[in-house]
Amino acid sequence: MRAESNGTVRRILCIFPRYTSAFGTFEHAYPLTVGVQAFMPPQGLLLIAAYLPEDWPVRFIDENIAPATSEDFEWAEAVFVSGMHIQRQQLNDICRRAHAFDLPVAIGGPSVSTCPHYYPTFDYLHVGELGDATDELIARLARNVARPARQVVLKTNNRVAMTDFPIPSYELAEMKKYFLGSIQYSSGCPYQCEFCDIPGLYGRNPRIKTPQQIIAELDRLRECGMTDTVYFVDDNFIGNRKAALDLLPHLVEWQQRTGYVVRLACEATLNIAKRPEILEKMREAYFVTIFCGIETPDPEALRSIQKDHNMMVPILEGVRTINSYGIEVVSGIIMGLDTDTPNTGDSLLEFVEESRIPLLTINLLQALPKTPLWDRLEREGRLVHDESRDSNVEFMLPYDQVIGAWKRCMEVAYQPERLYARYQHQCEYTYANRIKVPISPELKSWANIKRGLIMLRNIFWQIGVLGDYKRVFWKFALGRLRRGDMEGLIGSAIIAHHLIEFARGASRGHHNASNYSIRLREATMPAE
């Protein structure tokens, strides 16, 4: 499905802003790979690019790969951008540069949809999802491409059904330069965790694409060069369990047809551990990672943030169950909850060791608009509007104590010895449970072998020779080499290197303590 054209042709420049350095963007891993320069292709902008009238020329620039140039702005008649709160500074910078060429700039996406006041200089604010606001924006630009006299706010009232979504314009992105591929199956989540803005933004009744749409998107991703891992960016992969069960056989068939070249990953609530029928099909479809918002191992804290569904199964038991299907758990953890005590940091570190989860994104609590947490803290007078802080929450514990505990957890949890011990466990007790995939012609091609050899060379040189934790690395690496486990060696070493380097910077105060922080920092790559 595309927007209709009235015969007027407009040249649209879609720009995705640079990320501020964050735990989950893996920038320290890129030098160990072959040509990777960015995290994931942005679904929102590529979807909008595919929805524009067919005769409208579109350029897509991801400034994590290269900045938009003067020639790009001179070519364009209008600029579209989208992003998250952590990209706020970069979004406003793109607007400033576009206005230097007197171009109208429209912004959409989750940040502007929750905080329109963050973006006072933009010409058009697109609030909400793809829908009638999008059609109105396109119609306005078709009539007149000049900048409006004052800011125009367009709000989506009628959303385009996900079954009518076009395939995102993956062909506009340099897919081989991304760490992960991305695909969206559903939108919305049935749960209402106190801190989460997903139900407020996208609803509690998950809307889904058809299996046929997903298979067509996966095929397009492959055509455009994506050969590694594709991440389902859904708010909750099992938000509609029946739909997930309907999709999985199609994914299994697709993997069999394409030779299991692509690994799959997703986000889901921990109660997926109660669904062996789903986990078994996910194993067959070659899902290798699930991000679970565990948030805290403290049952009282889980109840306080309305995350009771995490207690449907004991957390450690749930993690081990998921691992038994060959699926590694990545966990989200929150510090600064009202139930935290001076001992919370020690308890969290104990949980890290017991769970053997290598990758835990440890964030400070941040109150987001359109969440029950925001409403409660506003009533209690505990929202802090100070952009020099890492959180807008007035914690029950002293702020400096919470920050100190966060830094200590980052430092200790990601000490090389501890992290590699957890990866050793994953290799032996999780990765070993994955299905044995056939070695397809693509996997044993010289191009793929050469790529693996280059990554091994990069890892051995930068970590094994130049690194300052080389003894820990070689102890792990030699064990993997003896077992012929190149896959476990390469995957673990690349991710571990980012975690170690990022955690070191975090413990020294060089990074925000929350991915949602209002504290503005410079992006990792300055625009020209």
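Look a little higher up for the structure.
The rules we used
Residues numbered from 1 in each chain as written. Predicted model: local features only at pLDDT ≥ 70, side-chain atom pairs only at ≥ 80, totals over all residues. Heavy atoms only, no water. Helix = DSSP H or I, 4+ residues; strand = E, 2+ residues; numbered from the N terminus. Rg over C-alpha atoms; globule rule 2.2 N^0.38 Å. Contact = heavy atoms within 4.5 Å. Areas by Shrake-Rupley, 256 points an atom, 1.4 Å probe, with all protein chains shown as cover. Lys, Arg positive; Asp, Glu negative; His and termini not counted. Charge placed at Lys NZ, Arg CZ, Asp CG, Glu CD. Buried < 20%, exposed > 50% of the residue type's maximum accessible area, 1.4 Å probe, protein only. Pairing = 2+ DSSP bridges. Right-handed = clockwise from strand over helix to strand, strands pointing away. Salt bridge = Lys/Arg side-chain N within 4 Å of Asp/Glu carboxyl O. Expected span 1.5 Å × (residues − 1). Arc of directions from axis to C-beta. Core = buried A, V, L, I, M, F, W, Y, C linked by side-chain atoms within 4.5 Å. Axes fitted to C-alpha atoms, helices over the stretch in contact; angles between N-to-C directions. Parallel < 35°, antiparallel > 145°, perpendicular 65-115°, else oblique. Left-handed = near helix turned anticlockwise from the far one by under 90°. Nonpolar A, V, L, I, M, F, W, Y, C, P; charged D, E, K, R; others polar.

### A closer look at the overall build of the protein chain
Check the secondary structure of the protein chain and you find 18 helices and 14 strands. What you see for the protein chain is a C-alpha radius of gyration of 23 Å, in line with the 24 Å of a compact globule of 528 residues. With the C-alpha coordinates of the protein chain rotated into their principal frame, the extents come out at 65 × 60 × 50 Å. Long-range pairs, those at least 24 residues apart, make up 79% of the contacts in the protein chain with a sequence separation of at least 6. Carbon and sulfur atoms make up 51% of the accessible area of the protein chain, which totals about 21500 Å². Each charge class in the protein chain can be summarised by its mean position, and for the 58 positive and 64 negative side chains these summaries are 4 Å apart.

### Overview of the pairing of strand 2 (residues 58-62)
With 4 of its 5 residues buried, strand 2 lies for the most part within the structure. For strand 1 (residues 12-16) and strand 2, the ladder comprises 5 bridges, and the chain directions are parallel. In the strand pairing of strand 2, Leu-13 is matched with Arg-59.

### Description of the environment of Pro-441
Positionally, Pro-441 belongs in the loop between helix 15 (416-429) and helix 16 (446-465). Overall, the relative accessible area of 64% leaves Pro-441 in the exposed class. In this structure, the C-alpha to C-alpha distance between Pro-441 and Pro-17, residues 424 residues apart in sequence, is 37 Å.

### With respect to the pairing of strand 12 (residues 287-295)
Among the 9 residues in strand 12, 8 count as buried, and that is most of the element. Sheet topology note: the strand 11 (residues 263-267)/strand 12 ladder contains 4 bridges and is parallel. Within the sheet, the bridge partner assigned to Cys-266 lies in strand 12 and is Ile-290. Taking the sense of rotation as the criterion, the β-α-β connection linking strand 11, helix 9 (residues 276-284) and strand 12 turns out right-handed.

### Quick look at the pattern of salt bridges
Considering all chains together, one arrives at 38 salt bridges under this definition. A salt bridge links Arg-11 to Glu-77, with the shortest nitrogen-to-oxygen separation between them at 3.7 Å. Residue Arg-11 is found in the segment before strand 1, and its partner Glu-77 is found in the loop between helix 2 (70-75) and strand 3 (78-82); the two are separated by 66 residues along the sequence. Exposure remark for Glu-77: the relative accessible area of 16% places this residue in the buried category. Its salt-bridge partner being Arg-263, residue Glu-487 comes within 1.9 Å of it at the nearest N-O pair. A residue pair is termed long-range when its members are at least 10 positions apart, and Glu-487 in helix 18 (residues 486-507) and Arg-263 in strand 11 qualify at 224 residues. Connected through shared salt-bridge partners, Arg-18, Glu-63, Asp-93, Arg-96 and Arg-97 make up one network.

### Some details on helix 17 (residues 470-482)
For helix 17, with 13 residues, the first-to-last C-alpha span of 18 Å sits near the 18 Å given by 1.5 Å per residue. Considered for burial, the residues of helix 17 that qualify are Val-472, Phe-473, Phe-476, Ala-477, Gly-479 and Arg-480. Here the buried residues of helix 17 occupy an arc of 160° about the axis, which is enough to place them on one side. Opposite its buried face, helix 17 presents the exposed residues Arg-471, Lys-475 and Arg-482, each directed more than 90 degrees away. The secondary structure elements touched by the buried residues of helix 17 are helix 15, helix 16 and helix 18. Looking one or two residues beyond helix 17, the residue adopting positive phi is Gly-484, at roughly 70°.

### Concerning unusual backbone geometry
For Tyr-260, which is not a glycine, the phi torsion comes out positive at approximately 55°. Along the chain, Tyr-260 falls in the loop between helix 8 (241-258) and strand 11. Of the residues examined, Tyr-260 reaches a relative accessible area of 10% and is grouped as buried. In this structure, Glu-295 takes a positive phi of about 70° despite not being glycine. Relative to the assigned elements, Glu-295 resides in strand 12.

### A short note on the nonpolar core
In this structure, Phe-232, Phe-237, Leu-251, Met-282 and Phe-287 are the most contacted members of the largest nonpolar core, which totals 154 residues. When residues of this core are assigned to their parent elements, the largest contribution, 11 residues, is made by helix 18. Ignoring anything within four residues of it in the chain, the contact list for Met-282 reads Phe-237, Leu-248, Cys-266, Ile-272, Phe-287, Ile-290 and Ile-327. In terms of nonpolar packing, the next biggest core, distinct from the first, is built from 23 residues, Leu-13, Ile-94, Cys-95 and Tyr-119 among them.

### A look at the packing of helix 14 (residues 399-413) against helix 18
At their nearest, the axes of helix 14 and helix 18 sit 8 Å apart, and the two run at 155° to each other. When the interaxial angle is binned, helix 14 and helix 18 end up roughly antiparallel. Helix-helix and strand crossings are classified by hand; for helix 14 and helix 18 the assignment is left-handed. On the side of helix 14, the interface is formed by Trp-406, Lys-407, Met-410 and Glu-411, while helix 18 contributes Phe-502, Ala-503, Ala-506 and Ser-507. For the contact of helix 14 with helix 18, the per-class residue count stands at 5 nonpolar, 1 polar and 2 charged.

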